[in-house]
Amino acid sequence: MALTPVTEALRQILSDAAPSGEELVPLEQADGRVLAAPLAARRDQPPADMSAMDGYAVRQSSLARLPATLAVVDVAAAGHAASRPVGEVEAIRIFTGAPLPENADTIVIQENCSRSGDRITITEPQPAGRHIRRKGLDFSAGRTLLPAGRVLGPHDISLAAAMGHGAVSCRTRPRVAILSTGDELVRAGEPAGPSQIVASNAYGVAALVRRAGADAIDLGIARDTEQALADAIDRARQARADVLITLGGASVGDHDLVGPALKTAGAEMDFWKIAMRPGKPLMSARLAGMRVLGLPGNPVSSLVCTRIFVLPLIAALAGADPSIYSRRHNAVLGRALPENDQREDYLRAKLSPGESVPVATPFASQDSSMLATLAEANILVIRPPYAPAASAGSSCEFIYLDISASAPLL
Ligand code: AMP
Ligand code: MG
């Protein structure tokens, strides 16, 4: 079977991926959730003209002749409006956030007047309207401020609260079941013999999918038998997973039984094997309503394929924009690279500041079992299939590994 190009594989994975439901989410739990409908303000902010400073609310006409001495007749504080309008030759003591008293058009900050008993004296002209926050300065009732599909962040949540919402309608989180496969695998922290390997992939993959807005369901470790895999696939369906991610067993070795087990269960294969390094044995299938992504077992392959394929799928299933995960940036290479073969290469690299363009330095060894270099890397340098040899200083493209690094560039 021919190797499927990366962009085509992603296109097939994302085809007809759409959000399935919505639910009301309290603001306390809304960080990272995706808005299901545009959010409009329920109130004006500020709800009335308000003072932005501590001082005195007066009428401009009282300052026609200077110096002017005015009688302080009332107080307005945040949450406590004055009990009367301000009259001619009068002032109302006012504090930041207090509603502007009726008939007042000027705030004299306390630094600009002298007080003696119940009187203030003003010697300099005071511009009208200054230090007054007009009703609706921030936004007016009815205005839509957050669009559907917005991934809510801390600032959005404060905005939604100020708009008068205590809870917001969000897309349901996609459910992603994660299954490790292999006779050699043990859980992290358990005693492991010399021929055993810690099933490290599941931990990082679960953390990534949670960050991307999905619920992760741990299906544990299935041994390399068709029966164990069939049982695990059943458990994924019982758990109503939208996506099943299998880790390992996706190649064509005698012990690579994920493909056969899926076929026995009735899955339809989209593709199996892509033109990518790391990650050639990537499988995409559908089993009734459940999407299945079979990721290669090598730790770097599992995590990089999650970054490239699973996170955009979660975004699409949550009703957010999946393209944020594919956003590429420019850098110059910090080391020479040999020519590439037919597979698109995703090289673990470190980004550092350069003179005008940042410098991307791929690690010398790119073996897909090496998690230490993945943890040290902050970007993946992307080399197209058949890219010619490139010298240090030549331009290259990269994506950020940390998914939050893409967010400010939206
Ligand atoms: P496989 O794709 O099953 O042939 O596995 C390829 C390599 O990845 C083997 O060296 C496995 O031991 C290793 N491997 C498979 N699954 C995991 C996992 N969940 N965590 C860490 N390493 C794994
Ligand atoms: Mg295996």
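Residues numbered from 1 in each chain as written. Chains lettered and ligands numbered in written order. Predicted model: local features only at pLDDT ≥ 70, side-chain atom pairs only at ≥ 80, totals over all residues. Heavy atoms only, no water.

1. Quick word on the overall build of the protein chain
Counting its regular elements, the protein chain contains seven helices and 26 strands. On C-alpha atoms alone, the protein chain measures out to a radius of gyration of 31 Å, which is more than a quarter above the 22 Å that the 2.2 N^0.38 rule sets for 410 residues. With respect to the three principal axes, the spread of C-alpha positions in the protein chain is 95 × 50 × 40 Å. Pairs at least 24 residues apart make up 72% of the contacts formed inside the protein chain by residues separated by at least 6 positions. Treating the 40 positive side-chain charges of the protein chain as one cloud and the 43 negative ones as another, the clouds have centres 3 Å apart. (Helix = DSSP H or I, 4+ residues; strand = E, 2+ residues; numbered from the N terminus. Rg over C-alpha atoms; globule rule 2.2 N^0.38 Å. Contact = heavy atoms within 4.5 Å. Lys, Arg positive; Asp, Glu negative; His and termini not counted. Charge placed at Lys NZ, Arg CZ, Asp CG, Glu CD.)

2. Concerning the domain arrangement of the protein chain
Domain parsing of the protein chain yields domain 1 (6-14 + 173-324), domain 2 (23-45 + 138-171), domain 3 (50-133) and domain 4 (327-406). If you average the C-alpha positions of domain 2 and of domain 3, the two centres end up 36 Å apart. (Domains from an automatic or database assignment.)

3. As for the environment of Gly220
Mapped onto the elements, Gly220 comes out in strand β16 (residues 215-222). For the pair formed by Gly220 and Val25, sequence separation is 195 residues and the distance between their alpha carbons is 30 Å. Not counting the four nearest positions on each side in its chain, Gly220 is found in contact with Ile178, Leu179, Ser180 and Arg187.

4. Notes on the pattern of salt bridges
What the rule picks out here adds up to 19 salt bridges. Residue Arg286 pairs with Asp16 through a salt bridge whose shortest N-O separation is 3.2 Å. Of the two residues, Arg286 is situated in strand β20 (residues 283-287) and Asp16 in the loop between α1 (6-14) and β1 (22-26); the sequence distance between them amounts to 270 residues. Residue class for Arg286 comes out partly exposed when judged on its relative accessible area of 21%. Ionic pairing is found between Asp402 and Arg211, a salt bridge with its closest N-O pair at 3.7 Å. Highlighted residues: Asp402 in the segment after β26 (395-400) and Arg211 in helix α3 (residues 201-211), separated in sequence by 191 residues. (Salt bridge = Lys/Arg side-chain N within 4 Å of Asp/Glu carboxyl O. Buried < 20%, exposed > 50% of the residue type's maximum accessible area, 1.4 Å probe, protein only.)

5. Notes on the site of ligand 1
Around ligand 1 sit 15 residues in total, of which Glu184, Ser200, Asn201, Gly249 and Gly297 are the nearest. The separation between an oxygen atom of ligand 1 and a polar side-chain atom of Glu184 is 2.5 Å. Note that an oxygen atom of ligand 1 is positioned 3.2 Å from one of the backbone N or O atoms of Asn298. Coverage of ligand 1 by the protein chains reaches 77% of its 480 Å² of free accessible surface. Elements supplying a minimum of two residues to the shell around ligand 1: β13 (175-181) and β15 (197-198). Class assignment for the residues of the shell around ligand 1 results in five nonpolar, eight polar and two charged. (Near = heavy atom within 4 Å. Polar contact = N/O pair within 3.5 Å; in protein donor to acceptor, adjacent residues only side chain to side chain. Areas by Shrake-Rupley, 256 points an atom, 1.4 Å probe, with all protein chains shown as cover. Nonpolar A, V, L, I, M, F, W, Y, C, P; charged D, E, K, R; others polar.)

6. Comments concerning the sheet that holds strand β21 (residues 290-295)
One open sheet holds the six strands; their spatial order is β16-β13-β17-β21-β20-β18, and the pairing between them is mixed. Strands with a single pairing partner mark the edges of an open sheet, and in this sheet they are β16 and β18 (268-272). Between one strand and the next, the sheet's axes are offset by a mean angle of 20°, whatever the strand orientation. Where helix α6 (residues 299-317) meets the sheet, its contacts fall on β13, β17 (243-247) and β21, and the angle it forms with β21 comes to roughly 165°. (Pairing = 2+ DSSP bridges. Axes fitted to C-alpha atoms, helices over the stretch in contact; angles between N-to-C directions.)

7. Regarding α3
The set of residues buried in α3 consists of Asn201, Ala202, Val205, Ala206, Leu208 and Val209. Looking down the long axis of α3, one finds its buried residues gathered within 165° of arc, a one-sided arrangement. The elements touched by buried residues of α3 are β13, β16, β17 and α6. Phi turns positive one or two residues past the end of α3, at Gly213, with a value near 105°. (Arc of directions from axis to C-beta.)

8. A closer look at the side chain of Arg383
Considering the arrangement of structural elements, one finds Arg383 in strand β25 (residues 379-383). Notably, Arg383 is buried but unbridged: the nearest opposite-charge side chain belongs to Asp345, and the N-O separation is 5.6 Å. Of the polar contacts made by the side chain of Arg383, one reaches the backbone oxygen of Pro338; its length is 2.5 Å. Leaving out residues up to four positions away in the same chain, Arg383 has contacts with Leu337, Pro338, Glu339, Asn340, Arg343, Glu344, Asp345, Leu347, Pro388, Ala389 and Ala390.

9. Focus on the packing of α1 against α6
Put simply, α1 and α6 touch, their axes get as near as 10 Å, and they point 30° apart. The orientation of α1 with respect to α6, classified from their angle, is roughly parallel. The element α1 and its partner α6 pack so that their crossing is right-handed. Across the interface between the two elements, Val6, Ala9, Leu10, Ile13 and Leu14 from α1 touch Ile308, Phe309, Pro312, Leu313 and Ala316 from α6. Residue composition of the contact of α1 with α6, by class: ten nonpolar, no polar and no charged. (Parallel < 35°, antiparallel > 145°, perpendicular 65-115°, else oblique. Left-handed = near helix turned anticlockwise from the far one by under 90°.)

10. So, the nonpolar core
If you look at the biggest cluster of nonpolar residues, it comprises 50 residues, and the most contacted ones within it are Val209, Ile245, Met276 and Phe309. For this core, the elements supplying multiple residues, two or more each, are α1, β13, α3, β17, β21, α6 and β25. For this core, the element with the highest residue contribution is α6, accounting for 13 residues. The residue makeup of this core includes at least three contributed by each of domain 1 (6-14 + 173-324) and domain 4 (327-406). Ignoring any residue separated from it by four or fewer positions in sequence, one finds Ile245 in contact with Val176, Ala177, Ile178, Leu179, Val205, Val209, Leu293, Leu295 and Val310. Of all hydrophobic cores here, the second largest spans 25 residues; its members include Ala222, Ala228, Ile233 and Leu257. (Core = buried A, V, L, I, M, F, W, Y, C linked by side-chain atoms within 4.5 Å.)

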